[in-house]
Amino acid sequence: MSTSASTLSPGVSAHSSTSRVDAAAAGVAATAVALGASELIAAVLPGATSLVAAVGQVVIDLQPSGAKDLVVALFGTNDKVALEVVVVLVSLAFGAVLGILAVRRFALAAAGFVAFGVLGFAAALGDPQANAASVAAQATVAVGLGLQTLSWLLARAPVVGAMDADGTVASSDPARRSFLLRTGAVGLSALVVGLGGRSLLAGSRTAPITAGELPVASETVPPIAAGADLAPTTPGLTPLVVPNQDFYRIDTALLVPSVDITTWTLRIHGLVERETTLTWNELLALPMFEQYVTIACVSNEVGGGLVGNAKWTGVRLRNVLEIAGVMSAATQLVGRPVSGDVFSAGMPMAWVMDPSREPMIAVQMNDEPLPPAHGFPARLIIPGLYGYVSATKWLAELELTTLEGFDGYWVPLGWAKEAPILTQSRIDTPRGGSVGAGRVPIAGIAWAPDRGVTRVEVAIDGEWRDAELSAPISDATWVQWVVAWDATPGQHTVSVRATDGTGAVQEERSSRPAPDGARGWHTVSITVS
Ligand SMILES: Nc1nc2c(c(=O)[nH]1)N[C@H]1C(S)=C(S)[C@@H](COP(=O)(O)O)O[C@H]1N2
Ligand SMILES: [Mo]
């Protein structure tokens, strides 16, 4: 049995008899339609953006102290996906409440949906790729569709009179079953549409130029010699150079900024003789060089994957600083990204100017323009420093200041102000579990940028032996290491430690990543059968 015909604003009389559960279900499905529509529009309408990502971005930008750590701890490195899932779930929960309200007074629910739209609109204004008119249209259509759906579903909801007084036989009532099926189908299709839209939007943000459009480097590094990379002969070992699509990614951006090189500029200001603004072509006119540098994230746990080695091509940072003329009072360099991104990195000028290393503004990663996720069109690469105090992606600004004058983004959130990369080593294979008896290679990587790695030792059941190292590319890069092990049946414990170029052995005592990087020897348990 069905209720009265659909109206856009169902009156009190028509729905006061709708069960709360049904009303909540309709509210959830209607909210899913609004979200799904907005995410689809984000992908197809120029100037529109993901409202879900925009709201999540506001949460990240407000950075309630410890919230990022909490989310990372709960969901591992999928923290970005998790945050968006939370935004969607909270929205759906509010939608359930709005559905219940709608039964009593549809205008209240309508006001709630409009408030949602306004919230999404306001959040999206923080995305520099978003355009206010497009986002307003997007939010309006999404809210309208959500309300239409709510009205349509509620008009088809069974009345309580169709159930027993306690509602227990409700789910066997065919009218109710068809209502719930319809509501579920609407909600699920909306979520699928939304997911499709969201992935379309992410996929559309790819590098808009090819390597051929960039000048060739005047100073190049020799190609990696055949046989220098031990990975092809050691299954499970990380390659010497990590392909771009496999490279770890860490940043505070839910949506990757898409930067237009025709309007992009790099501004150098602060304690400089001549404030300078370089265009893309002016930057590219400077001499280009290449170097391999291993970069690492301070959040990397012992044994973790937030480290990678790539060939970077770009200009010497010191050439760019010379153009502006750095004053001797400048003790800190701050890198800032394009507007809309709250990140900043502050590094000591003493580190930047030390002639033993060559900090750079990179425009290519492994012979490709920087992928958008890794900072297109330009980023800082400072050998030896953790990414959060150096490797600014989507670079737009270099400010010269004093060490006391400014704290980079992560410093007030409990991370160290000065953060050289600690000496670390990792076992890639075997990662634990069980292996068959016989000759088993134990292999991994070790890094101490930019002190270099001179020795890697592996302890098998407490007995140390030297590992064979890949030929180091430079002190700024990691090395691969391999030990051939005659595995005997039983339980074994394997640990690894590296020695850096200063002769210091990697610290055994373990520490959490905060505030200045994880310490400790990576250790795995292996069962040999
Ligand atoms: N603009 C911007 N740059 C950034 C970050 C960021 O959040 N925003 N994160 C930094 C951190 S914490 C690290 S570890 C490196 C990671 O670089 P990758 O994503 O290319 O591996 O980028 C750094 N550069
Ligand atoms: Mo990081």
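As shown above, the structure is provided for reference.
All figures in this text were calculated on a predicted structure; none of them were measured in a lab.

Calculation criteria
- Residues numbered from 1 in each chain as written.
- Chains lettered and ligands numbered in written order.
- Predicted model: local features only at pLDDT ≥ 70, side-chain atom pairs only at ≥ 80, totals over all residues.
- Heavy atoms only, no water.
- Helix = DSSP H or I, 4+ residues; strand = E, 2+ residues; numbered from the N terminus.
- Buried < 20%, exposed > 50% of the residue type's maximum accessible area, 1.4 Å probe, protein only.
- Contact = heavy atoms within 4.5 Å.
- Areas by Shrake-Rupley, 256 points an atom, 1.4 Å probe, with all protein chains shown as cover.
- Lys, Arg positive; Asp, Glu negative; His and termini not counted.
- Charge placed at Lys NZ, Arg CZ, Asp CG, Glu CD.
- Near = heavy atom within 4 Å.
- Polar contact = N/O pair within 3.5 Å; in protein donor to acceptor, adjacent residues only side chain to side chain.
- 1 Å grid on protein atoms, 1.4 Å probe; cavity = no way out; pocket = protein on both sides within 12 Å on 5 of 7 lines; lining within 4 Å.
- Sits in = over half its atoms within 2 Å of the grid points.
- Nonpolar A, V, L, I, M, F, W, Y, C, P; charged D, E, K, R; others polar.
- Pairing = 2+ DSSP bridges.
- Salt bridge = Lys/Arg side-chain N within 4 Å of Asp/Glu carboxyl O.
- Expected span 1.5 Å × (residues − 1).
- Arc of directions from axis to C-beta.
- Core = buried A, V, L, I, M, F, W, Y, C linked by side-chain atoms within 4.5 Å.
- Axes fitted to C-alpha atoms, helices over the stretch in contact; angles between N-to-C directions.
- Points joined across faces, edges and corners; volume = space filled by probe spheres on them.
- Patch = residues over 30% accessible without salt bridge, like charges linked within 9 Å, V, L, I, M, F, W, Y side chains within 5 Å.

(A) Geometry of the overall build of the protein chain. Assigned secondary structure in the protein chain consists of 11 helices and 19 strands. On the principal axes, the C-alpha backbone points of the protein chain span a range of 80 × 70 × 45 Å. Counting the 529 residues in the protein chain, one finds 53% classified as buried. A sequence separation of at least 24 residues applies to 76% of the contacts in the protein chain between residues at least 6 apart. Carbon together with sulfur atoms contributes 61% to the accessible area of the protein chain, which is approximately 22300 Å² in total. On the protein chain, the mean spot of the 32 positive side-chain charges and the mean spot of the 45 negative ones are 7 Å from each other.

(B) The arrangement of the site of ligand 1 in detail. Near ligand 1 lie 19 residues; those nearest to it are Tyr248, Thr252, His374, Arg379 and Lys393. In this structure, isoleucine 250 approaches ligand 1 through a main-chain N or O atom, which is 3.1 Å from an oxygen atom. Between lysine 393 and ligand 1, the recorded distance is 2.5 Å, taken from a side-chain N or O atom to an oxygen atom. More than half of the atoms belonging to ligand 1 lie within 2 Å of the grid points that define the largest cavity. Across the shell around ligand 1, the residue classes break down as 10 nonpolar, 4 polar and 5 charged.

(C) Looking closely at the pairing of strand β17 (residues 479-487). Within β17, 7 of the 9 residues are buried, leaving the element largely enclosed by the surrounding structure. As defined by bridge partners, strand β16 (residues 468-469) adjoins β17 across 2 bridges and the pair is classed as antiparallel. Bridge pairing links glutamate 468 to valine 482 in β17.

(D) The arrangement of the pattern of salt bridges in detail. Scanning the entire structure with this criterion turns up 26 salt bridges. Glutamate 358 serves as the salt-bridge partner of arginine 316, at 3.0 Å between the closest nitrogen and oxygen. Here glutamate 358 lies in the loop between α11 (349-353) and β7 (360-365) and arginine 316 lies in strand β4 (residues 307-316), a separation of 42 residues in the sequence. What makes arginine 316 buried here is its relative accessible area of 17%. Between aspartate 466 and arginine 455 there is a salt bridge, with its nearest N and O atoms 2.9 Å apart.

(E) Inspection of helix α6 (residues 106-124) at higher detail. Over its 19 residues, α6 runs 27 Å from end to end, which matches the ideal 27 Å to within 8%, given 1.5 Å per residue. Listing the buried residues of α6 in full gives Phe106, Ala109, Ala110, Gly112, Phe113, Gly117, Gly120, Ala123 and Ala124. The buried residues of α6 occupy an angular sector of 160° when the element is viewed end-on, so they sit on one face. At its buried positions, α6 is contacted by α2 (20-44), α3 (51-62), α5 (79-104) and α7 (132-155).

(F) Up close: the nonpolar core. If you look at the biggest cluster of nonpolar residues, it comprises 84 residues, and the most contacted ones within it are Ile268, Leu283, Trp312, Val320, Ile361 and Leu398. In this structure leucine 283 touches Trp264, Leu266, Leu278, Val315, Val320, Ile361 and Val363, once residues within four positions along its chain are discounted. Counting residues in hydrophobic clusters, the runner-up holds 22 residues, among them Val440, Ala467, Trp485 and Ile526.

(G) The arrangement of the sheet that holds strand β14 (residues 453-460) in detail. If you trace the 5 strands from one edge of the open sheet to the other, you get β12-β19-β18-β14-β15, paired in mixed fashion. Edge strands, defined here as strands with exactly one partner in the open sheet, are β12 (433-435) and β15 (463-466). Shown here is a sheet whose adjacent strand axes are inclined to one another by a mean of 35°, direction ignored. Examined bridge by bridge, β12 and strand β19 (residues 523-528) share 3 bridges and lie parallel to one another. What sits directly across from serine 434, in β19, is threonine 527.

(H) Looking closely at the sheet that holds strand β11 (residues 424-429). Pairing is antiparallel across the open sheet formed by 4 strands, whose spatial order is β11-β13-β17-β16. Across the chains shown, the open sheet's two edge strands, defined by having one partner strand only, are β11 and β16.

(I) Here's a closer look at empty space enclosed by the protein. Tallied over the full model, the rule gives 3 cavities of 30 Å³ or more. In this model, the largest cavity occupies a volume close to 370 Å³. Forming the boundary of the largest cavity are 23 residues, of which Ile250, Asp251, Phe343, Gly387 and Tyr388 lie nearest the centre. A per-class count over the lining of the largest cavity returns 12 nonpolar, 5 polar and 6 charged.

(J) Main features of unusual backbone geometry. The amide bond that connects phenylalanine 376 to the next residue, proline 377, takes the cis arrangement and shows omega of 10°. Relative to the elements of secondary structure, proline 377 occurs in the loop between β8 (368-369) and β9 (379-381). The omega angle of the peptide bond from proline 449 to aspartate 450 is -10°, so this bond is cis rather than trans. Tracing the backbone through its elements, the reader meets aspartate 450 in the loop between β13 (438-447) and β14. With phi around 65°, aspartate 367 is a residue other than glycine that occupies positive phi space. Within the element layout of this structure, aspartate 367 appears in the loop between β7 and β8. For tryptophan 394, which is not glycine, the phi dihedral falls at a positive 50°. Along the chain, tryptophan 394 turns up in the loop between β9 and β10 (395-401).

(K) Main features of a nonpolar patch on the surface. A surface patch of nonpolar side chains, about 400 Å² in accessible area, is lined by Leu40, Val44, Leu45, Val193 and Leu200. Contributing elements (two or more residues each) for the nonpolar patch: α2 and α8 (174-204). Position of leucine 40 among the secondary structure elements: in helix α2. Relative accessible area serves as the criterion here: at 36%, leucine 40 is assigned to the partly exposed category.

The values reported here are purely geometric and, on their own, carry no functional implication.
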